[in-house]
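# Overview (structure and organization)
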Amino acid sequence: MQTLQFYGLMHMIRRNFFALGIVTLSLFLSVCSSQSSQAPEKGHFAMAAQPEIVRTNNSPTPNAAAKPTLVPQVDVIATHLKIPWAIAFTNNGRVFITERARGVVSELIDGKLSEVQKLPIHANGEGGLLGLAASPEFATDSQLFVYYTTRTDNRVARFEPGKKPVVILKGIPSAAIHNGGRLAFGPDGMLYISTGDSANARLAQDPASLAGKILRIHPDGSIPDDNPLPDSPIYALGFRNVQGLAWNANGELFATEFGPQIDDELNHVKPGKNYGWPEVTGKSGNKKFTNPIAVQQPRDASWSDATFLHNPNSPTWNGDLFVAALRGKRLWHFTFNDSGRVTNEQYLLHNEYGRLRSVTQAPDGSLWILTSNHDGRGEPTDKDDRILRVTLSTQ
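Residues numbered from 1 in each chain as written. Predicted model: local features only at pLDDT ≥ 70, side-chain atom pairs only at ≥ 80, totals over all residues. Heavy atoms only, no water.

Looking now at the pattern of salt bridges. Inspection of every chain in the model, using the stated rule, returns 15 salt bridges. In this structure, E99 engages R102 in a salt bridge whose closest nitrogen and oxygen atoms are separated by 2.5 Å. Exposure remark for E99: the relative accessible area of 2% places this residue in the buried category. In this structure, the salt-bridge partner of R216 is D188, at a minimum N-O distance of 3.1 Å. Residue R216 is located in strand 12 (residues 213–217), and its partner D188 is located in the loop between strand 10 (183–185) and strand 11 (191–194); the two are separated by 28 residues in the primary sequence. Through salt bridges that share partners, D75, D364 and R389 make up one connected network. (Salt bridge = Lys/Arg side-chain N within 4 Å of Asp/Glu carboxyl O. Buried < 20%, exposed > 50% of the residue type's maximum accessible area, 1.4 Å probe, protein only. Helix = DSSP H or I, 4+ residues; strand = E, 2+ residues; numbered from the N terminus.)

Predicted coordinates in areas of low pLDDT are best not read in detail. Confidence in the prediction of the protein, expressed as mean pLDDT, is 86, and 82% of residues score 70 or more. Here residues 1–65 is modelled with pLDDT under 50, and outside its nearest four sequence neighbours on either side it reaches 177 contacts, counting other chains as well. (pLDDT = per-residue confidence, 0-100. Contact = heavy atoms within 4.5 Å.)

Right, let's talk about the pairing of strand 19 (residues 321–325) for a bit. Most of strand 19 is tucked away, with 5 of its 5 residues classed as buried. In this structure, strand 18 (residues 303–308) lies alongside strand 19, joined through 4 bridges in antiparallel fashion. Its bridge partner lying in strand 19, W303 is registered against A325. The sheet contact formed by strand 19 and strand 20 (residues 330–336) spans 5 bridges and is antiparallel. Within strand 20, the position partnered with A325 by the bridge is R330. Counting the residues that bridge the hairpin from strand 19 to strand 20 gives 4 residues, and of these K329 lies at a positive phi of roughly 50°. (Pairing = 2+ DSSP bridges.)

Taken in spatial order, the 4 strands of this open sheet run 2-3-4-5, and their pairing is antiparallel. The sheet terminates laterally at strand 2 (84–89) and strand 5 (112–118), the two strands that pair on one side only. Sheet twist, expressed as the mean angle between neighbouring strand axes with direction ignored, is 30°. Across 6 bridges, the pairing between strand 4 (residues 104–109) and strand 5 is antiparallel. Residue pairing for strand 5: S106 is matched across the bridge by E115. (Axes fitted to C-alpha atoms, helices over the stretch in contact; angles between N-to-C directions.)

Taking strand neighbours across the sheet as the criterion, the 4 strands line up as 6-7-8-9 in an open arrangement whose pairing is antiparallel. The sheet terminates laterally at strand 6 (129–134) and strand 9 (166–172), the two strands that pair on one side only. This sheet shows a mean twist of 15° between the axes of neighbouring strands, independent of strand direction. The sheet contact formed by strand 8 (residues 154–159) and strand 9 spans 4 bridges and is antiparallel. Its bridge partner lying in strand 9, N154 is registered against I172.

A word on the side chain of D305. Relative to the helices and strands, D305 is located in strand 18. Beyond its immediate sequence surroundings of up to four residues, D305 is in contact with R182, Q243, G244, L245, F322, V323, A324, R357, S358, V359 and T360.

So, in structure tokens, the structure goes:
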């Protein structure tokens, strides 16, 4: 992608279509609180005419009686990791892990990590080596994609283990906090990327900036023709710090997001939509913004990674969403009705393993979880950080 051409085009678009100003927040953000297969529609992003700061908690009350209570069986797969951030399973049965501060991608073999790649990271604050995704197109070889922080920006690169990485996207704003970092392939074969506002809230509403967005690109870094804006990787905007990306069985995208000390959000993400940050947080009455479908407070949430469980052999929870919580120190479980509304919330593993950073469905249908107790905000035990394998049954 030609960076200068891209940003020149973005400024032209902003001048012609986005002349509405964004009023600067008088209350600056505190440090992070804890913290489809459908084709996108063509069009422009909706912008607010007037800023409206609305902070509410309208999430359904957890109600374990609405569905059978799940009972987790936990096996510890590996111990003594240092701030693991993401996990990826390849089509040929390999398992890879990123460790944020070390800047290392390792392969998990028989419970032990073997380093396969080191990235030139700048591990400042929440930055470093973050997201990891495995290409779904490679059945025999393993092509991996990583998101990492340098001294100047956040970048996405691809590589085969043991070979030199190739940068496919750069210029994502970075900071000590709010770097986003989640990578995931959608059912359309595109690579989706979550970015944070890099501690500069106004950038989340700026279509010329890659900060505070969900991005969508081809695996080679090129821009899909059906993205909402021509020649732009931006898929949706108005986010503070998205940490989880997950698709349901219908190919619909959902994202988890850290709020500003309040109102962590679960959003149903659609192409070209504006999710409000920093003008609103939580649910609002402003129709120019798309409301989250669930909101929780950081003491119980600080929602990080998310995954839908696709397991036809387990009809009780097939299609349910599981979300790792950092400050909340639990695994959230969401159920939905046919229209995509949250019908029930439960949580598992509360205070049993500390801060939970990542949750991913393994090929065998189990959930693999990474703890994050060495990140400076946890209370690590002598076994942390850990990789957990969780299987579910009903009570």
